[in-house]
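Residues per chain are reported as follows:
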Amino acid sequence: MALITQAIKGTQDVLPSQSHKNQFVESTLLEIASEFGFKEIRTPVFEHTELFTRSVGDTTDVVQKEMYTFDDKGGRSITLRPEGTAGAARAFLEHGLQNEPLPQKVSYVTSCYRYEKPQAGRLREFHQFGIECYGSASPAADAEVISLGNELFGFLGIDRIRLEINSIGCPECRKEYQKALKAYFESRKDELCPTCIERLDRNPMRILDCKSPVCHEIGEEAPVILDYLCDECKEHFEKVKAYLEAMNITYEVNPHIVRGLDYYTRTVFEFVTDALGAQSAVCAGGRYDGLIEEIGGPHVPALGFAAGIERILLLLEAQGIALPEAKKPDLYIASIGDNASLKAAELALELRQSGMSAQFDIVGRSVKAQMKYADKIGAKFTTVIGDDDIAAGKVKVKNMENGEAQELMLEGFADAFMDVSLQSAASELQDIASGDSNIDLSKFLGGLI
Ligand code: HAM
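Residues numbered from 1 in each chain as written. Predicted model: local features only at pLDDT ≥ 70, side-chain atom pairs only at ≥ 80, totals over all residues. Heavy atoms only, no water.

Asker: When you look at the overall build of the chain in this model, what are you seeing that I'm missing?
Answerer: Assigned secondary structure in the chain consists of 16 helices and 16 strands. A total of 449 residues make up the chain; the buried ones form 48% of that total. When contacts within the chain are restricted to residue pairs at least 6 apart in sequence, long-range pairs at least 24 apart make up 70% of them. Considering the chain, the positive charge centre built from 47 side chains and the negative charge centre built from 69 side chains are found 4 Å apart. (Helix = DSSP H or I, 4+ residues; strand = E, 2+ residues; numbered from the N terminus. Buried < 20%, exposed > 50% of the residue type's maximum accessible area, 1.4 Å probe, protein only. Contact = heavy atoms within 4.5 Å. Lys, Arg positive; Asp, Glu negative; His and termini not counted. Charge placed at Lys NZ, Arg CZ, Asp CG, Glu CD.)

Structure representation (structure tokens):
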């Protein structure tokens, strides 16, 4: 029985006391992406399994070991998405977005599912913020996409993040490279894990991102693709670097990045940190010029990246970066007696219709207990309403921060309260700006976007 009160291993609940942080991060990322012209796309949580075997690749760890795959009641093989790129590409193609003005730019926040060994920053259900850009083969697009990733960390105030880039070439230059790689791994075949022995013939590059420590170590000394790039791929990579330099983006070339998904071509990159233990990649992506064709469409060069929301939240916490606080009720209306309770309900409605958040007692508690509750939920203002107040047509509204009280007429209450509330917000903002408050102004404003 204990099982039904425990979340499945590798999944986590986001409780009401925390969810504002996820909301802030997710909406901030989507908002920044929209400034770069990316519009949100929403695709289903499950797709035909074949979409992932074809795009992510059937020799990858993701497909071979980590997918949540099952037959539905109609006997179709279905997979919970392990990542967002394949579903977005499928939707792009299905809805003919290649016929819309190019480049098409999409963004998403989605849940993803991978049967991995759970640990800090590695979950079986996790969330990705991602962007995809379809229809440009230019290195300017690579730099633009990378610069967006850079911007996200900058805006959130996260530091100790390094950008590492590499080029893994095109199918043409990879032919020679695969040969060299195969010869190298053949020579150390006895040391490889069983999965990698199978990969040797079909896709030796996949051995380079095997999670087994032994294979990983052997991979460190393997030939690197950068030495095998064809002239066009080399030129593309040089131009990407030139753009990054022109955009003042610091990067390191890491010739060992190959990425764990098969669809990549040319530029690949990772934003990594040493602040999260073993889970160093916070955001990663690259170019995938062959994917749309691979799943049955025309040739549409494309690229993108995804960042793990949980990893970003862990980083924000590890670096002590304060996020805007959860929204607090503007007013709690306590009431004495049945008549006043009806009035409280009426006032709450009036306030909500004017765009403010108001709460009143829906339990039937004593005034003392109502005020205690108002305090616990952090109401900015409170009022206590009784029959006498209704008769007099006015109530006292108390600012819970400084204890000041003000009398407001019940007639036109919402407008009058709005003025009081705005005045208080303005003076709070003034305190922040003058340094009398310890709230960070950029974070305060961040909460308003
Ligand atoms: P990925 O590197 O597999 O790439 O994942 C991107 C990000 O998702 C990682 O950097 C990490 O932050 C987060 N992530 C991955 N697995 C987990 C996990 N088990 N638990 C928590 N977070 C995780 C992709 O998925 C590509 N679709 C990215 C892309 C988009 N490439 C082009 N467009």
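Once the structure has been displayed, the description carries forward.
Asker: What should I look at first to understand the sheet that holds strand 3 (residues 68-71) in this one?
Answerer: Within the open sheet, the three strands sit side by side as 2-4-3. Their pairing is antiparallel. A strand with exactly one partner marks an edge of an open sheet, and here the two such strands are strand 2 (46-48) and strand 3. Across the sheet, the mean angle separating the axes of adjacent strands is 35 degrees when strand polarity is ignored. For strand 3 and strand 4 (residues 77-80), the ladder comprises four bridges, and the chain directions are antiparallel. By the bridge assignment, D71 is partnered in strand 4 with S77. Strand contacts of helix 2 (residues 49-57): strand 2, strand 3 and strand 4, with the helix running at about 80 degrees to strand 2, the strand carrying the most contacts. (Pairing = 2+ DSSP bridges. Axes fitted to C-alpha atoms, helices over the stretch in contact; angles between N-to-C directions.)

Asker: Where do I start with the site of the ligand in this structure?
Answerer: Around the ligand, 27 residues are found, and the nearest of them are E83, T85, E116, R259 and Y264. A distance of 2.8 Å separates an oxygen atom of the ligand from a polar side-chain atom of R259. The backbone of G308 places a nitrogen or oxygen atom 3.1 Å from an oxygen atom of the ligand. For the ligand, the accessible surface in isolation is 660 Å², of which the surrounding protein chains cover 96%. Of all elements in the fold, only strand 6 (125-134), strand 10 (281-287) and strand 11 (302-308) reach the threshold of two or more residues within the shell around the ligand. (Near = heavy atom within 4 Å. Polar contact = N/O pair within 3.5 Å; in protein donor to acceptor, adjacent residues only side chain to side chain. Areas by Shrake-Rupley, 256 points an atom, 1.4 Å probe, with all protein chains shown as cover.)

Asker: Whenever I open this one, the side chain of R287 confuses me. Can you help?
Answerer: Assignment of secondary structure puts R287 in strand 10. By relative accessible area, R287 is classed as buried at 0%. Within the structure, the side chain of R287 is placed 3.2 Å from the backbone oxygen of S138, a separation counted as a polar contact. Engagement of the side chain of R287 in a polar contact is seen with the side chain of D289, the distance being 2.8 Å.

Asker: Please clarify how the sheet that holds strand 8 (residues 252-253) should be interpreted in this entry.
Answerer: Hydrogen bonds along the backbone pair up the strands of a sheet, which may run parallel or antiparallel. As summarised here, the arrangement of the eight strands in space is 1-5-6-11-10-9-7-8, forming an open sheet in which the pairing is mixed. Among the strands making up the open sheet, the edge pair consists of strand 1 (39-40) and strand 8. Two strands pair when backbone bridges link them, and strand 9 (residues 267-273) and strand 10 are joined in this way by five bridges, in the antiparallel orientation. Bridging from a neighbouring strand, V272 pairs with A281 of strand 10. Across the face of the sheet, helix 4 (residues 85-94) comes into contact with strand 5 (104-113) and strand 6 while running at roughly 45 degrees to strand 6. Across the sheet, helix 9 (residues 231-246) touches strand 7 (161-167), strand 8, strand 9 and strand 10, and the angle it forms with strand 7 is around 155 degrees.

Asker: Mind showing me how you'd approach the domain arrangement of the chain here?
Answerer: Interface size is often expressed as the accessible area that is lost when the parts come together. For the chain, the assigned domains read domain 1 (2-170 + 230-318) and domain 2 (331-448). The centre of domain 1, based on its C-alpha atoms, is set 43 Å off from the matching centre of domain 2. (Domains from an automatic or database assignment.)

Asker: What am I meant to see in the packing of aromatic side chains here?
Answerer: The geometry of two aromatic rings is summed up by the distance between their centres and the angle between their planes. Taken as a whole, this structure holds 13 aromatic pairs when the rule is applied. Both rings, one in F269 and one in F271, keep their centres 6.2 Å apart while their planes meet at 80 degrees; by these two values the pair is edge-to-face. Arranged with centres 6.1 Å apart and planes meeting at 10 degrees, the rings of F413 and F417 form a pair that is stacked. Taken together, the residues F413 and F417, both in helix 15 (residues 413-433) and four residues apart, mark about one turn of the helix. Using a relative accessible area of 0% as the deciding quantity, one classes F417 as buried. Connected via pairs of aromatic rings, a cluster forms that spans F129, F153, F269, F271 and F305. (Phe/Tyr/Trp six-rings, centres within 6.5 Å; stacked < 30°, edge-to-face > 60°.)

Asker: What is the right way to look at helix 9 in this model?
Answerer: Owing to its 3.6 residues per turn, the α-helix aligns residues three or four sequence positions apart on the same side. Its 16 residues give helix 9 an end-to-end C-alpha distance of 22 Å, which sits within 8% of 22 Å, the value for a rise of 1.5 Å per residue. Restricting attention to buried positions, one finds in helix 9 the residues C233, H236, F237, V240, K241 and L244. The buried side chains of helix 9 occupy one side of the element, clustering within an arc of 135 degrees when seen end-on. Turned more than 90 degrees off the buried face of helix 9, the exposed positions are D231, E232, E245 and A246. The elements touched by buried residues of helix 9 are helix 5 (139-156), strand 7, helix 6 (171-186), strand 8, strand 9 and strand 10. Looking one or two places after helix 9, you find N248, whose phi comes out positive at around 65 degrees. (Expected span 1.5 Å × (residues − 1). Arc of directions from axis to C-beta.)

Asker: In this structure, what is going on with the nonpolar core? I would like to understand it.
Answerer: One recurring pattern in soluble globular proteins: nonpolar side chains tend to sit buried together. Ranked by size, the top nonpolar core spans 52 residues in total, and within it Y134, F185 and L208 carry the most contacts. For F185, the contacting residues outside a window of four places in its chain are L192, L200, P204, I207, L208, I218, G219 and A222. Of all hydrophobic cores here, the second largest spans 41 residues; its members include I32, F36, L163 and A307. (Core = buried A, V, L, I, M, F, W, Y, C linked by side-chain atoms within 4.5 Å.)

Asker: What should I look at first to understand the environment of R311 in this one?
Answerer: Mapped onto the secondary structure, R311 falls in helix 11 (residues 309-318). Measuring from C-alpha to C-alpha, the distance between R311 and R174 comes to 32 Å, with 137 residues separating the pair along the chain. In this view, R311 contacts G121, R122, L276, Q279, A281 and V282; residues no more than four positions away in its chain are not counted. In terms of polar contacts, R311 uses its side chain to reach the backbone carbonyl oxygen of G121, at 2.7 Å.

Asker: What am I meant to see in a positive patch on the surface here?
Answerer: A surface patch of positive charge is lined by R365, K368, K372 and K376. Assignment of secondary structure puts R365 in the loop between strand 13 (358-360) and helix 13 (367-376). (Patch = residues over 30% accessible without salt bridge, like charges linked within 9 Å, V, L, I, M, F, W, Y side chains within 5 Å. Salt bridge = Lys/Arg side-chain N within 4 Å of Asp/Glu carboxyl O.)

Asker: Help me understand the pattern of salt bridges, please; the structure alone is not making it clear to me.
Answerer: Side chains carrying opposite charge are able to pair once their charged atoms draw close together. In this structure the tally under the stated criterion is 31 salt bridges. The salt bridge involving E221 is made with R188; its shortest N-O contact spans 3.4 Å. Of this pair, E221 sits in the loop between helix 8 (213-220) and helix 9 while R188 sits in the loop between helix 6 and helix 7 (194-202), and the two are 33 residues apart along the sequence. Residue class for R188 comes out partly exposed when judged on its relative accessible area of 22%. One salt bridge in this structure joins K239 and E235, with 3.0 Å as the shortest N-O distance. A residue pair is termed a helical-turn pair when its members lie 3 or 4 positions apart in one helix, as K239 and E235 do in helix 9 at four residues. Judged by its relative accessible area of 40%, K239 falls in the partly exposed class.

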